[in-house]
Amino acid sequence: MKVLTADTAVIGGGPAGLAAALTAKKQGADKVLIIERNNELGGILQQCIHHGFGLHRFKQELSGPEYAQRFIDMVKKTDIEVLLETMVSELTPERKIYAVNSRNGMMEISAKAVVLAMGCRERTRGALRIPGTRPAGVFSAGTAQRFMNIDGYIPGKKAVILGSGDIGLIMARRFTLEGARVEAVVEVLPYAAGLTRNVVQCLEDFHIPLYLRSTVIEVHGEDRVEGVTIAEVDEAWNPIAGTERYIECDTLLLSVGLIPENELSTQAGVAVDPVTNGPIVNESLMTNIPGVFACGNVLHVHDLVDNVSKEAERAGRFAGRYALEQGEDWKKRVKVIAGENIRYVVPHEIGLDEPVEFFMRVQRPDENVVIDVGGLRSVRQRSIRPSEMLNITVTPEMLKNVTGDSITVQVVTLKEAEVRA
Amino acid sequence: MHKTIICTVCPLSCNVFLELGDNDEIVSLTGNRCPRGKAYAAKEHTAPERTLTTTVKARGGIHPLLPVRTDKPIPKEMLLEAVQAVSDLEVEGPIRMGQVLIEDFLGTGSNLVASRDL
Ligand code: SF4
């Protein structure tokens, strides 16, 4: 077995891994290694050929490949090592990585610091338990996206899309532009899950109907999908009898959510938050395993790659520092609690010496609210939605006011008088 | 006549209400929470534009396709025609991100450029 060492080993070469490797390098880590299972860097961005990436970071609207290329170019200018087509099979709590590729066979990589940047995967039909037959023609939206944008196949001619997440909306437009038809987008929630901009530019532009409070209750067809039955749902998401409607189609795309890919992490003993499905981390984005950091969609599913880059830079910086200093720790830790109308907050635990950027999602849409971060800082928001992640930074100055051993982040709805004030 | 346009410039997604005159001209525009919404809604009413992103056949790369885009938005009603126009285009590497593949694409004043290296 080939034995390698690294100061910082980054698992995953998507947007998170690229940004983390770059900052680890900048921090002074001598040998930085990116391990990627695909045959190129860039991760999911390479198949997201639509534009709209990078507004925060680069102040312009880039396509996914353009955003990736900028980071790939930066990595190429450094001596960061990249192992492509390399699959990590195991990570140990002592930060030994076992990986395999066809050139080197099995490898054992001992790393002083590890950054988990494996991203996420799509929820599948199995996770939804849709009844009916099991014909060909049911794809996750991201798989269809890869077929169309990388491999050059159109998965079908007439599609129904279940779920109005951004990938589903984007694929509705892509199908239409390529001459296929999208009969309907079906969403169980009372509002579109994706960005309004995508509802306008991907559905309304092409007169594609969006059925809210509805779902697919049956898939028809023997060898290939021949149609689906959709129905409206009640408050508890149960189909309402009498509202069934048959739609003829040869393809069903599922855009029903993403799950962080944490098999490697949990195997190494990394503790996972049941809400985010990602590791529990502190303000340096370190997990409960010393020297193992996490960022990007493996930590929690983001909606903007700009935020992924920012988060990954933080993880990379601390991972680089950890590799140099080995085993630093903070004295006082404070737990971060998700309060009223907050679904989750990352990081889960903070020290008080460094500025902390909190990423959070709300549970329900609301308007005219204040996000209160443990009484340290409150930020007014005109409109909040579960699909739009919020980020709020607190400074060490503000953190001086922490008294107990936890802080609660919560949404406070303003009364009418306060709104006008 | 009235018309509602959802501003998509930022996530606030304001509903912008347009009151239109006899010749479809904008008489009043309300509901936007910032000036960007006014400019967007006016443009969206008179001459809506979109950036086109698609793929073309490619030789000499690791994939059979190269993602491409227009470097400026083009008239919205030209999107389908524009995709048709590049369906037979085949390019050969090496190509650098941003390289112009078709200048003044369909007379729109926008160029069709490569979205990544090939
Ligand atoms: S009008 Fe201004 S605030 Fe409202 S959505 Fe547009 S850009 Fe955002």
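Every residue gets a number counted from 1 within its own chain, in the order that chain's sequence is written. Lettering of chains starts at A and numbering of ligands starts at 1, both following the order in which they are written. Per-residue local features are limited, in this predicted model, to residues with pLDDT of at least 70; the limit for side-chain atom pairs, both in listing and counting, is 80 or more; totals at the level of whole chains, interfaces and linings are taken over all residues. Note that water and hydrogens are dropped before the side-chain values are worked out from all heavy atoms of the structure.

Participant: Where do I start with the packing of aromatic side chains in this structure?
Facilitator: Here the distance between the centres and the angle between the planes together describe a pair of aromatic rings. Residue and element names in this part refer to chain A. Each pair of aromatic rings taken from Phe, Tyr and Trp, with Trp reduced to its six-membered ring, is defined by centres within 6.5 Å and is described as stacked if the planes are under 30 degrees apart, edge-to-face if over 60, and tilted in the remaining cases. All told, the structure shown has five aromatic pairs over all chains when counted by the stated rule. With a centroid separation of 5.5 Å and 70 degrees between ring planes, the pair formed by Phe58 and Tyr67 is classed as edge-to-face. Judged by relative accessible area, Tyr67 falls into the buried class, the value being 0%. On the numbers, 6.2 Å between centres and 65 degrees between planes, the contact of Phe58 with Phe71 is edge-to-face. Remark: Phe71 occurs in helix 2 (residues 64–76) and Phe58 occurs in the loop between strand 3 (51–53) and strand 4 (62–63); sequence separation between them is 13 residues. The rule is simple: take the accessible area with a 1.4 Å probe, protein chains only, and divide by the maximum for that residue type; under 20% is buried, over 50% is exposed, in between is partly exposed. Numbering of helices and strands starts at the N terminus; helices are DSSP runs of H or I of at least 4 residues and strands are runs of E of at least 2.

Participant: Looking at this structure, how should I read the side chain of A:Glu40?
Facilitator: Turning to its location among the elements, A:Glu40 is positioned in the loop between strand 2 (32–35) and strand 3. Take A:Glu40: its relative accessible area is 7%, and that puts it in the buried class. Think of a polar contact as two N or O atoms within 3.5 Å of one another; within protein, one of them needs to be a possible hydrogen donor and the other a possible acceptor, and neighboring residues in sequence only count if both atoms come from side chains. Among the polar contacts made by the side chain of A:Glu40, one reaches the side chain of B:His63 at a distance of 2.6 Å. Here the side chain of A:Glu40 touches B:Arg116 through a polar contact of 2.6 Å, side chain to side chain. By definition, residues are in contact when any of their heavy atoms lie within 4.5 Å. A:Glu40 has contacts with A:Gln46, A:Leu84, B:Ile62, B:His63 and B:Arg116, leaving out every residue within four places of it along the chain.

Participant: Looking at this model, I keep getting lost on the site of the ligand. Mind explaining?
Facilitator: We call a residue near a molecule or strand as soon as one heavy atom of that residue lies within 4 Å of the molecule or strand. Around the ligand, the surrounding shell consists of B:Cys7, B:Val9, B:Cys10, B:Leu12, B:Ser13, B:Cys14, B:Asn32, B:Arg33, B:Cys34, B:Arg36 and B:Gly37. Residue composition of the shell around the ligand, grouped by class: six nonpolar, three polar and two charged. Any residue outside Ala, Val, Leu, Ile, Met, Phe, Trp, Tyr, Cys, Pro, Asp, Glu, Lys and Arg is labelled polar, Gly included; the first ten of those are nonpolar and the last four are charged.

Participant: Sorry, what's going on with the domain arrangement of chain B here?
Facilitator: How big an interface is tends to be stated in terms of the accessible area lost upon association of its parts. A domain assignment, automatic or from a database, supplies the domain bounds used here. What the domain assignment lists for chain B is domain 1 (2–46) and domain 2 (53–114). In this structure, domain 1 of chain B and domain 2 of chain B have C-alpha centres spaced 31 Å apart.

Participant: Would you explain the interface of chain A and chain B in this entry?
Facilitator: Each side of the interface is counted separately: chain A has 33 residues, and chain B has 28 residues. Here's the idea: put two parts together, see how much 1.4 Å probe accessible area each one loses, and the total over both is what we call buried area. Counting each side, the surface lost to burial between chain A and chain B is near 2,700 Å², with a carbon and sulfur contribution of 53%. Here, a salt bridge means any Lys or Arg side-chain nitrogen found within 4 Å of an Asp or Glu carboxyl oxygen. Run the count over chain A and chain B and you get five salt bridges. Its salt-bridge partner being A:Glu40, residue B:Arg116 comes within 2.6 Å of it at the nearest N-O pair. For the side of chain A that touches chain B, the secondary-structure elements that each account for two or more residues are strand 4, helix 2, helix 4 (141–151), helix 5 (166–177), helix 6 (196–203) and strand 25 (377–384) of chain A. The residue makeup of the side of chain A that touches chain B, split by class, is eight nonpolar, 12 polar and 13 charged.

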